Amino acid sequence: MERRLAAIVCADVAGYSRMMGADEAGTHATFKAHRSAIYPIILNHGGRLVKNTGDGFLVEFPSIVEAIESALAMQALMAERNDHLPADRMMQFRMGVHMGDVIADEDEVFGDGVNVAVRIEAIAAPGGVAVSAKAYHEAGKHLSATLVDAGSHRLKNIEEPVHVWTWDPGGSDTSGREPKNTSNLPAQYRTAIVGVLPFANLSDSTDEYFSDGLTEDLIHALSLQSFYRVLSRNSTFSFKGKSLSARLIAREIDATYLIQGSVRRAGTKIRVTAELIAPENGEQLWTGRYDRDIGDLFAMQDEITTSLSAALAPEIYRAEASAPARSSSTDLTAWDRFLRGLSHYYKHTKADFEASIDLCREAIALDPALSIARAYLATIMVQGVQYGWIKSTSQLWTEAMTLAESSVRLDPRSSFAFAILSYMHAMDGNYEAAMEAAKRAVKLNPYDMGARGVLGIAHLVIGEHRQAIELFSTAVQRGNSDPRYKWAALNAFSHYLVGQYDASLSWAREALYLNPNHLQVLAVRAAALAQLGRAEEAAKAAEVLLGNFPSLTVERHLRNFRWKNPADVAHYRDGLLKAGVPFSKLTLVESASMRTA
């Protein structure tokens, strides 16, 4: 067990028991959705989620300023999510913040520091924040909001009275609907065929327009992807109201996958369920449920459509990657080879990356017009360099750029192709070209969270880190789990470059859960620890980094970073050197000579 000083934020939902009594399943689903949405805010402020409770959560922060700012930011987001909802459907958190000694035992924390935060939470108004005077005075003038003196309070099981300061919620603006777009991609690049069946209306007939509208919007959103073909409304709406098996419908319209769902309305609340199925064997590949209050009907419909599209598209990719070859001969087609390469890519190991690269090359050799194979090959090569699995050479970067440029020429309506082109330009220091390609990707498919995140990369490399953080966090909040995009690693760098080292460490920890040997994340973690003055931990982090990559030097590492702002490069270099990463090979030789002297 370890005793340390920490800032604690405790939260629960006001009126949760009443809401559970009215709608247990819906309330729980809504609570989970809100909790997922605010999780990136916790990481952005350097927090660590200690535990989830039935109706709330407990978070630990190394900085009291970040703890309070995180609570304020979470409440601002919740106010936005609650906007336009009737009072009985709002879900409002109360949050308590305190700083004090805690006892850490494995991943749990205990002690008076935690107990006080739990108790003062009840003082906060719904949607508000209560802060102990000790925490408030420590944070001082660094806070972005004004808190009000709420006087002293006697708290249960706390011996001395606790003075409390409070912040009450305010309003927020809502954004408009995203623009629509259309696509007419060549079918030869997308062999999987997706059919979206009319969502069943489980309410009265007056709500039929909503279920039909949601189905049409989802067909449109999914059709903007370049990986598969989506059948038109006319192909699937002919089955509306008919009791036919999914297998029969799929054979009738020649669909590889079917998406079906339902819409149920109760008062001001709508529940949408959806599932992705492989109709030939009836396997359910994905299922999701979305509980929303109607509020602004069009905004709510857009939000559900975006969430459904962001969740379904990667699942279709995964299903296709694991599907058996559809070629009738033993000689695999270019598409079959690409899909085999994709199946290796999803396993995310060094050996699988190498196999994936070989198979993508074979696919391109068989069909030079296979745009998506070129975009994926560029992605895999660059990620391999960032992980430390593939040696970075000028030839590799030249080939990756050529692949990205040819992918766009071959499929000029692919948001993924333009996103990869933007990324390659960003890595090569072509800042204006990177921004232009990223904006084009978003315009081609406003529902593509990957494209929005790549726009964040364009902002990152030119030094606009706040905009980058906002876009990366949006991508995370949409639940995009596509392995092409590494939002946690990117957030670690963005927060480092604005000096929020605790947040950088939080995101680095998230990234290392998925890939414990990620070269760039191990490096930025060591730099962040050094900048925090945690010299012993920084030295150990550098030791882990150099243990995995013995030939790494700061000089060699920074060759892959072409950030526009020299101060950003200097800032990163400074952290690496403070952590003990050698500057150059000469440094290594000199160190070895000194040890043998």
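This structure is a prediction, so every number in the text was calculated from the model and none was measured.

Asker: Help me understand the packing of helix α2 (residues 24-44) against helix α19 (residues 501-514), please; the structure alone is not making it clear to me.
Answerer: Relative orientation and spacing of two packed helices are given, respectively, by the angle between their axes and the distance between those axes. Running from N to C, α2 and α19 point in directions that differ by 125°, and their axes come no closer than 7 Å. By the angle class used here, α2 and α19 are oblique. Contacts from Tyr-39, Pro-40, Leu-43 and Asn-44 in α2 reach Ala-503, Ser-506, Trp-507 and Glu-510 in α19. For the contact of α2 with α19, a count of residues per class yields five nonpolar, two polar and one charged.

Asker: Got a minute to help me understand the packing of aromatic side chains in this structure?
Answerer: The way to describe two aromatic rings as a pair is by their centre distance and the angle between their planes. All chains considered together, the criterion is met by 23 aromatic pairs. Measuring from ring centre to ring centre gives 6.2 Å for Phe-31 and Phe-93, while their planes differ by 50°; the resulting arrangement is tilted. Within this pair, whereas Phe-31 is found in helix α2, its partner Phe-93 is found in strand β4 (residues 93-105), the two being separated by 62 residues in sequence. For the pair shown, Phe-31 and Phe-93 are each scored as buried. Ring geometry for Phe-561 against Tyr-572: centres 5.4 Å apart, planes inclined by 65°, an arrangement best described as edge-to-face. Taken together, the positions of Phe-561 in the loop between α22 (554-557) and α23 (566-579) and Tyr-572 in helix α23 put the pair eleven residues apart, joining distant regions of the chain.

Asker: Teacher, can you tell me more about the pairing of strand β12 (residues 257-266) here?
Answerer: In summary, the side chains of a regular strand alternate between the two faces of the sheet. Inspection of the sheet shows strand β9 (residues 193-196) paired to β12 by three bridges, in the parallel sense. Counted as the bridge partner of Val-194 is Tyr-257 from β12. Across two bridges, strand β10 (residues 200-201) lies against β12 in parallel orientation. Each residue of the ladder has a partner; that of Ala-200, found in β12, is Ser-262. Here β12 pairs with strand β13 (residues 269-278) via nine bridges, running antiparallel. Residue pairing across strands places Arg-264 opposite Arg-271, the latter belonging to β13. Hairpin connection between β12 and β13: a loop of two residues separates the two successive antiparallel strands, and Gly-267 in this loop has a positive phi of roughly 65°.

Asker: Would you mind showing me how to read the confidence of the model for the protein here?
Answerer: If pLDDT is low for a region, its predicted coordinates should not be looked at in detail. In the predicted model, the protein carries a mean pLDDT of 84, and 90% of its residues have values of at least 70. Counting contacts from residues 591-597, a segment whose pLDDT is below 50, to residues more than four positions away or on other chains yields zero contacts.

Asker: Would you take a moment to explain the nonpolar core for this structure?
Answerer: Among soluble globular proteins, nonpolar side chains are generally buried collectively. Membership of the largest hydrophobic core comes to 134 residues, with the highest contact counts inside it found for Tyr-228, Phe-338 and Tyr-572. Considering each element in turn, this core owes the most residues, eleven residues, to helix α12 (residues 371-387).

Asker: Got a minute to help me understand the side chain of Ser-504 in this structure?
Answerer: Note on placement: Ser-504 falls in helix α19. Within the structure, Ser-504 has its side chain in polar contact with the backbone oxygen of Ala-492 (distance 2.7 Å). Every residue in contact with Ser-504, bar those within four places of it in the chain, is listed here: Ala-492, His-495, Tyr-496, Val-524 and Ala-528.

Asker: How should I be thinking about the layout of surface pockets in this particular structure?
Answerer: To find leftover empty space, a probe the size of one water molecule is rolled over the atoms. Space inside the second largest pocket adds up to approximately 750 Å³. Arg-48, Leu-505, Arg-509, Arg-534 and Glu-537 are, among the 24 residues lining the second largest pocket, the residues nearest its centre. Of all the secondary structure elements, the ones that give two or more residues to the lining of the second largest pocket are β1 (2-13), β3 (56-61), β4, α19, α20 (519-531) and α21 (535-548). Split by residue class, the lining of the second largest pocket holds ten nonpolar, two polar and twelve charged.

Asker: Whenever I open this one, α2 confuses me. Can you help?
Answerer: Because an α-helix completes one turn every 3.6 residues, residues spaced three or four positions apart along the sequence face the same direction. The terminal C-alpha atoms of α2 lie 31 Å apart, and with 21 residues this matches the ideal 30 Å at 1.5 Å per residue to within 8%. When the local axis directions of α2 are compared, the greatest deviation, roughly 30°, occurs at Ile-38, which is followed within four positions by the proline Pro-40. Of the residues one or two after α2, Gly-46 is the one with positive phi, at around 80°.

Asker: Please explain empty space enclosed by the protein as it appears in this structure.
Answerer: Within the structure shown, the criterion is met by two cavities of 30 Å³ or more. Its volume calculated, the largest cavity comes out at about 440 Å³. Contributing to the lining of the largest cavity are 29 residues, with Gln-386, Tyr-423, Met-427, Ile-457 and Leu-490 lying nearest its centre. Among the elements that line the lining of the largest cavity, the one with the most residues is α12, at six residues. Across the lining of the largest cavity, the residue classes break down as 20 nonpolar, six polar and three charged.

Asker: When you look at a positive patch on the surface in this model, what are you seeing that I'm missing?
Answerer: On the surface, Lys-391, Arg-556, Arg-559 and Lys-585 cluster together to form a positively charged patch. Within the secondary structure layout, Lys-585 lies in helix α24 (residues 585-596). The class of Lys-585 is exposed, set by a relative accessible area of 53%.

Asker: Could you clarify how one ought to interpret the pairing of strand β6 (residues 129-132) in this entry?
Answerer: Side chains Val-129 and Val-131 of β6 all project onto a buried face; the interleaved residues Ala-130 and Ser-132 project onto the opposite face, where all are buried too. Summarising the sheet, β6 and strand β8 (residues 162-167) pair through four bridges and their orientation is antiparallel. In the strand pairing of β8, Val-129 is matched with Trp-167.

Asker: In this structure, what is going on with the pattern of salt bridges? I would like to understand it.
Answerer: Taken as a whole, this structure holds 15 salt bridges when the rule is applied. Notably, a salt bridge pairs Lys-240 with Glu-208, separated by 2.9 Å at the nearest N-O pair. Taken as a pair, Lys-240 in the loop between α7 (233-236) and α8 (246-253) and Glu-208 in helix α6 (residues 208-223) lie far apart in primary sequence, 32 residues in all. The partly exposed category is assigned to Glu-208, whose relative accessible area is 27%. For Lys-350, the salt bridge identified is with Glu-354, shortest N-O distance 2.8 Å. With Lys-350 and Glu-354 both in helix α11 (residues 350-366) and four residues apart, this pair spans about one turn of that helix.

Asker: Just to check I follow, could you spell out the packing of α20 against α21 for this structure?
Answerer: Closest axis-to-axis distance for the α20/α21 pair is 8 Å, and the angle between their directions is 160°. Regarding the angle of α20 to α21, the classification is roughly antiparallel. Crossing of α20 against α21: the hand is left-handed. Between α20, through Leu-519, Leu-522, Ala-523, Arg-525, Ala-526, Leu-529 and Ala-530, and α21, the contact on the second element is made entirely by Glu-537, Ala-538, Ala-541, Ala-542, Val-544, Leu-545 and Asn-548. Broken down by class, the residue content of the contact of α20 with α21 amounts to eleven nonpolar, one polar and two charged.

Asker: What exactly am I supposed to notice about helix α4 (residues 112-121) here?
Answerer: Looking at α4, one finds that the buried residues are Gly-113, Val-114, Val-116, Ala-117, Ile-120 and Glu-121. Buried residues of α4, viewed axially, fall in a sector of 165°; they line one side.

Parameters and conventions
Residues numbered from 1 in each chain as written. Predicted model: local features only at pLDDT ≥ 70, side-chain atom pairs only at ≥ 80, totals over all residues. Heavy atoms only, no water. Axes fitted to C-alpha atoms, helices over the stretch in contact; angles between N-to-C directions. Helix = DSSP H or I, 4+ residues; strand = E, 2+ residues; numbered from the N terminus. Parallel < 35°, antiparallel > 145°, perpendicular 65-115°, else oblique. Contact = heavy atoms within 4.5 Å. Nonpolar A, V, L, I, M, F, W, Y, C, P; charged D, E, K, R; others polar. Phe/Tyr/Trp six-rings, centres within 6.5 Å; stacked < 30°, edge-to-face > 60°. Buried < 20%, exposed > 50% of the residue type's maximum accessible area, 1.4 Å probe, protein only. Pairing = 2+ DSSP bridges. pLDDT = per-residue confidence, 0-100. Core = buried A, V, L, I, M, F, W, Y, C linked by side-chain atoms within 4.5 Å. Polar contact = N/O pair within 3.5 Å; in protein donor to acceptor, adjacent residues only side chain to side chain. 1 Å grid on protein atoms, 1.4 Å probe; cavity = no way out; pocket = protein on both sides within 12 Å on 5 of 7 lines; lining within 4 Å. Points joined across faces, edges and corners; volume = space filled by probe spheres on them. Expected span 1.5 Å × (residues − 1). Bend = angle between axes of the 7 residues up to and from the residue. Patch = residues over 30% accessible without salt bridge, like charges linked within 9 Å, V, L, I, M, F, W, Y side chains within 5 Å. Areas by Shrake-Rupley, 256 points an atom, 1.4 Å probe, with all protein chains shown as cover. Salt bridge = Lys/Arg side-chain N within 4 Å of Asp/Glu carboxyl O. Lys, Arg positive; Asp, Glu negative; His and termini not counted. Charge placed at Lys NZ, Arg CZ, Asp CG, Glu CD. Left-handed = near helix turned anticlockwise from the far one by under 90°. Arc of directions from axis to C-beta.

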